[in-house]
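Below are the chains, spelled out letter by letter.
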Amino acid sequence: MKTLFLDGNSLTINDLVYSVYHPHAVQVELSDDAISAINSARKQIEDWVEAGKVIYGVTTGFGEFANVSIGKDGLAALQENLILSHAVGSGNWLPRDVVRAMLILRVNALAKGCSGIRLSTVQTLLDMVNNDIIPAVPEQGSVGSSGDLIPLSHIALALIGKGRCLQPDGSVAPSKDVLEKHGITPVDLGAKEGLALINGTQMMTAFGALATHKAETLVRTADISGALSLEALRGTDNAFDERLHKARGQKGQLESAKHLRSLIGGSEIRESHRTGDGKVQDPYSLRCMPQVHGASRDAIEYVKGIVEIEMNSANDNPLVFAEDGDYVEGGNFHGQPIAIALDFLCIAVSELASISERRTERLVNGSLSGLPRFLTKHGGLHSGLMIAQYNSAAIVSENKVLSHPASVDSIPTSANQEDHNSMGSISARKAMKIALNVETVIAIELLTAAQGIDFLRPLQSSPALEAVHAVIRNVVPFMDEDREIYPDVQNITELVRSRSILTAVADVLST
């Protein structure tokens, strides 16, 4: 079993994703430095409470009630009341993977030692992670400033034994019962602990990390589906010439062009029409793949950087700086950095589907492809893959709506004390939905391109693309006559999602 040590400084998206999807293969622990930092900050909080110091959220109310002082005998109730009153989400439960990521991310933020929480409370969160206990968290309610208050409150509610937990079969059980089953005692909150648990950007960052990981898979898989379409459409690789792309110098474009060259190298299909082909240039959806896919590559890389910074940030309020014996009230919980980045991710990933659908349309359009219309030998009696392109078109259109930025909106809360909000949770949920949508669009392109390649037999494509074709044919046979296509799309979507397409190419190119 692997051990992931959280120190608040070095967590990566790859670390997080592995820990989320392999809950029984990873033990998550605090580093020694994190334990020391947590204890130092907690001692500072306790010293201030003992001295009767007035500190927002520790000895005062919250939001509009910040000017109401709370006596020592009310500090524990203050924190529990905060959780109870803020756990007011609505909508469907968030997926298990997102909530597990939220738990790990919240522990990592607390590991920085700026929150003043007790070590025992953080350890109980870790016990939940390591026992794969997943709180039931509604998807709606966060405005993305003062952190993801409502979603994190539902996690905290489970922690104190008054919430609900998702069960493996999809049902929901009282958190007190689930904790007890695993020998975990619900937490009685101390001073500042409720605030430390719910002031943070962990819902939007969890979605952001998981969606960014998907996006990294999609942008490379889009090169592969595009290359397979290029071959089926007997396009040229001249537009991927390294000299052309060096003349522009865009990093992502150079990487996509290099990837496309490696994918097509050694293709009999390409050589079969190198001379005597009457076409002068390919359409943009083929010729400009490096420029379009490359721009998305660059955007995804930017978003990854922002998300990984946020994954390792202290984002509650106030923050405790124990080494200085001081605290600072501010707004690190404001989700604008993540909101803008994830809106950018929505656009970048949507474009991969937009250009993919155009290639699919060319494949099924007999007047443009030179292949049988709708990729069937028996047109008229059979419709072939005609309607598969409809599905892609519908999804691409949906993505256009979802790509409208949420971060340009704001609505005030808490009697106008919180008068600008990021709406980053909406950006985050949209980004994940778009990523899931794009998996399907690229799967449909792979489905149609593989069918097109079969009509060019006995010519062979490149070794890399023949490996992709073989992986597809392992789950979806050649479509000789009409059949239900839904299972075919689902099967290839799973190949995309599981990175089986990428693995097939890597196995060939690495030899």
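What counts, and at which threshold
Residues numbered from 1 in each chain as written. Predicted model: local features only at pLDDT ≥ 70, side-chain atom pairs only at ≥ 80, totals over all residues. Heavy atoms only, no water. Helix = DSSP H or I, 4+ residues; strand = E, 2+ residues; numbered from the N terminus. Pairing = 2+ DSSP bridges. Phe/Tyr/Trp six-rings, centres within 6.5 Å; stacked < 30°, edge-to-face > 60°. Buried < 20%, exposed > 50% of the residue type's maximum accessible area, 1.4 Å probe, protein only. Lys NZ or Arg CZ within 6 Å of the ring centre and 35° of its normal. Salt bridge = Lys/Arg side-chain N within 4 Å of Asp/Glu carboxyl O. Core = buried A, V, L, I, M, F, W, Y, C linked by side-chain atoms within 4.5 Å. Contact = heavy atoms within 4.5 Å. Axes fitted to C-alpha atoms, helices over the stretch in contact; angles between N-to-C directions. Parallel < 35°, antiparallel > 145°, perpendicular 65-115°, else oblique. Left-handed = near helix turned anticlockwise from the far one by under 90°. Nonpolar A, V, L, I, M, F, W, Y, C, P; charged D, E, K, R; others polar. Right-handed = clockwise from strand over helix to strand, strands pointing away.

Engineer: An account of unusual backbone geometry is requested, with residue identities and associated values reported.
Structural biologist: The amide bond that connects Asn317 to the next residue, Pro318, takes the cis arrangement and shows omega of -5°. Along the polypeptide, Pro318 turns up in the loop between helix H14 (289–311) and strand E8 (319–321). That bond from Arg457 to Pro458 is cis: its omega, 20°, falls within 30 degrees of zero. Positionally, Pro458 belongs in the loop between helix H18 (424–454) and helix H19 (463–475).

Engineer: Run through the sheet that holds strand E6 (residues 164–166), naming residues and quoting values.
Structural biologist: Spatial strand order, E4-E6-E7: three strands in an open sheet with antiparallel pairing. Single-partner strands in this sheet number two, and they are strand E4 (134–135) and strand E7 (172–174). By the bridge criterion, three bridges tie E6 to E7 in an arrangement that is antiparallel. Bridge assignment links Leu166 to a residue of E7, and that residue is Val172.

Engineer: Break down the packing of aromatic side chains for me, with residues and values.
Structural biologist: Applying the stated rule across the entire model yields three aromatic pairs. Ring plane angle 70° and centroid distance 5.2 Å describe the contact between Trp48 and Tyr327, whose orientation is recorded as edge-to-face. Pair noted here: Trp48 is in helix H2 (residues 32–51) and Tyr327 is in strand E9 (residues 326–328), with a separation of 279 residues, a long-range link. Of the two residues examined, Trp48 and Tyr327, each falls in the buried class. Each ring, one from Phe455 and one from Phe478, has its centre 5.6 Å from the other, and the planes form 70°; the classification is edge-to-face. With Phe455 in the loop between H18 and H19 and Phe478 in the loop between H19 and helix H20 (486–497), this pair connects stretches of sequence that are 23 residues apart. The lysine or arginine in question, Lys2, covers the ring of Tyr18, its NZ or CZ lying 4.3 Å from the ring centre.

Engineer: Provide a residue-level description of the pattern of salt bridges, including the pertinent values.
Structural biologist: On inspection of all chains with the given rule, the structure shows 27 salt bridges. Arg457 is the salt-bridge partner of Asp454, the closest N and O atoms lying 3.9 Å from each other. Judged by its relative accessible area of 18%, Asp454 falls in the buried class. For Arg457, a relative accessible area of 29% corresponds to the partly exposed category.

Engineer: Break down the nonpolar core for me, with residues and values.
Structural biologist: Residues Leu197, Leu345, Leu446, Ile472 and Ile501 are the most contacted members of the largest nonpolar core, which totals 141 residues. The leading source of residues in this core is helix H9 (residues 202–232), at 16 residues. Excluding its chain neighbours within four sequence positions, the residues that come into contact with Leu197 are Arg106, Leu110, Ile117, Leu125, Leu152, Ala156, Leu159 and Leu189. Listed in part, the ten residues of the second largest apolar core include Val58, Leu75, Ala191 and Tyr327.

Engineer: Describe the packing of H9 against helix H15 (residues 336–364), listing the residues and the values that go with them.
Structural biologist: Running from N to C, H9 and H15 point in directions that differ by 20°, and their axes come no closer than 10 Å. Classified by the angle their axes make, H9 and H15 are roughly parallel. Of the two elements, H9 crosses H15, and the hand of that crossing is left-handed. In the contact of H9 with H15, the residues fall into 13 nonpolar, six polar and one charged.

Engineer: I'd like to hear about the pairing of strand E1 (residues 2–6), residue by residue, with values.
Structural biologist: Relative to strand E2 (residues 26–30), E1 runs parallel, the two sharing five bridges. Paired with Lys2 across the two strands is Val26, which belongs to E2. Crossover E1 to E2 through helix H1 (residues 13–21) is right-handed.

Engineer: Talk me through the packing of H19 against H20; I want residue IDs and the actual numbers.
Structural biologist: Following both chains from N to C, one finds H19 and H20 inclined at 135°, their axes separated by 9 Å at the closest point. Considering their axes alone, H19 and H20 lie oblique with respect to each other. Considering only the axes of H19 and H20, their crossing is right-handed. On H20, the residues touching Val471, Ile472 and Val475 of H19 are Asn491, Ile492 and Leu495.

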